[in-house]
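# Report on the structure
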Amino acid sequence: MTPRSAARPLVLASAYALTVVASNLAVAYVGMLPVLPGITAPAGVYLVGLALVLRDLLQDATSWRWSVAAVAMGAALSALFSPELALASAAAFLLSELADLAVYTPMRRRGLIIAVAASNAVGLLLDSVLFLWLAFGDLAYLPGQVLGKTWMTAAAIVALLAIRRARLEEAR
């Protein structure tokens, strides 16, 4: 194992946990953001979309246990400034982590991009519903949540495809 490959799980786990914290900070201190004209979502929506992809990459590099530990670390750090958001966020991330295991793990055999797209489609909906219900007591922001997370998933998939293409060209 190279030093680079040994550091990868720690980098991914840290990035994942920090996106959990950053998304909660954005919700607590920024509030709502427009996703489209007339559609808003809690400001952490884009970071959560990124977190869902980081979770898949972390699971690929390690196991689901690392993802759960990263959620716990992010929730613990988030609790320092907003215990209510930390609880809603942790519950939502843990539920979406279970859904991710059910979808991502078997789909991974078909390829990374397919697995990321499928698991994020399920995870972003479950995460959004549970987080909004626990944090705000209603689902008024659900369209914005789903749309924002979908955009981030699409952006991450484009980035993953570009990385794959660059690696293939580099190997030639």
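Treat the numbers as computed from the prediction; the structure is a model and nothing was measured.

### Focus: the overall build of the chain
When you go through the chain residue by residue, the secondary structure sums to six helices and two strands. Along its sequence from the N terminus, the chain presents helices and strands in the succession α-β-β-α-α-α-α-α. A compact globule built from 172 residues should have a C-alpha radius of gyration of about 16 Å, and the chain, at 16 Å, falls within 12% of that. Within the chain, the fraction of its 172 residues that count as buried is 41%. In the chain, the share of contacts with a sequence separation of at least 24, taken over all contacts with a separation of at least 6, comes to 70%. For the chain, the exposed area adds up to about 8800 Å²; of that, 71% sits on carbon and sulfur atoms. Computing the positive centroid from 12 side-chain charges and the negative centroid from 9, the chain places the two 11 Å apart.

### Brief notes about the nonpolar core
Y16, V53, L58, F93, V116 and L160 are the most contacted members of the largest nonpolar core, which totals 21 residues. Going through the elements one at a time, α1 (3-29), α2 (45-61), α3 (64-79), α4 (83-107), α5 (112-136) and α6 (142-171) are the ones with two or more residues in this core. No other element matches the six residues that α2 contributes to this core. Not counting residues up to four positions away in its chain, the partners in contact with Y16 are A51, L54, R55, L58, S67, A70, V71, F93 and E97. The next biggest cluster of nonpolar side chains, apart from the first, holds seven residues, and it includes A88, A92, F131 and L132.

### With respect to the packing of aromatic side chains
Think of a pair of aromatic rings as described by two things: how far the centres are apart, and how the planes are tilted against each other in angle. For the structure on display, the rule yields four aromatic pairs. Ring geometry for F131 and F136: centres 6.1 Å apart, planes at 85°, overall edge-to-face. Residue F131 is classed as buried on the basis of its relative accessible area of 7%. On the basis of relative accessibility, which here comes to 31%, the residue F136 falls in the partly exposed class. Their ring planes at 65° and their centres at 6.0 Å tell us that F136 and Y141 sit as a pair that is edge-to-face. The rings of F131, F136 and Y141 are connected pair by pair, giving a single aromatic cluster.

### Quick notes on the pairing of strand β2 (residues 39-42)
As judged from the four bridges shared by strand β1 (residues 32-36) and β2, these two strands associate in the antiparallel manner. Within β2, the position partnered with L33 by the bridge is A41. Hairpin remark: β1 followed by β2, antiparallel, with two residues in the connecting loop; positive phi at G38, about 85°.

### Things to note about the pattern of salt bridges
Counted under the stated rule, the structure contains five salt bridges. Where K149 meets D127, a salt bridge forms, and the shortest distance between an N and an O atom there is 2.5 Å. Remark: D127 occurs in helix α5 and K149 occurs in helix α6; sequence separation between them is 22 residues. For the residue pair K149 and D127, the accessibility class agrees, reading buried in each case. Each of the salt bridges in this network shares a partner with another, and the network as a whole consists of R55, E97 and D100.

### A short note on α6
An α-helical turn contains 3.6 residues, so any two residues separated by three or four positions project in the same direction. Helix length check: α6, at 30 residues, gives a terminal C-alpha distance of 43 Å against a target of 44 Å (1.5 Å per residue), a fit within 8%. Looking only at α6, the buried set comprises L142, G144, Q145, G148, K149, T153, A156, I157 and L160. On its buried face, α6 is in contact with β1, β2, α2 and α5.

### With respect to the confidence of the model for the chain
The predicted model of the chain has a mean per-residue pLDDT of 88, with 97% of residues at 70 or higher. The element-level mean pLDDT for the chain is lowest in α3, coming to 83, with β2 highest at 95.

Cut-off values and rules
Residues numbered from 1 in each chain as written. Predicted model: local features only at pLDDT ≥ 70, side-chain atom pairs only at ≥ 80, totals over all residues. Heavy atoms only, no water. Helix = DSSP H or I, 4+ residues; strand = E, 2+ residues; numbered from the N terminus. Rg over C-alpha atoms; globule rule 2.2 N^0.38 Å. Buried < 20%, exposed > 50% of the residue type's maximum accessible area, 1.4 Å probe, protein only. Contact = heavy atoms within 4.5 Å. Areas by Shrake-Rupley, 256 points an atom, 1.4 Å probe, with all protein chains shown as cover. Lys, Arg positive; Asp, Glu negative; His and termini not counted. Charge placed at Lys NZ, Arg CZ, Asp CG, Glu CD. Core = buried A, V, L, I, M, F, W, Y, C linked by side-chain atoms within 4.5 Å. Phe/Tyr/Trp six-rings, centres within 6.5 Å; stacked < 30°, edge-to-face > 60°. Pairing = 2+ DSSP bridges. Salt bridge = Lys/Arg side-chain N within 4 Å of Asp/Glu carboxyl O. Expected span 1.5 Å × (residues − 1). pLDDT = per-residue confidence, 0-100.

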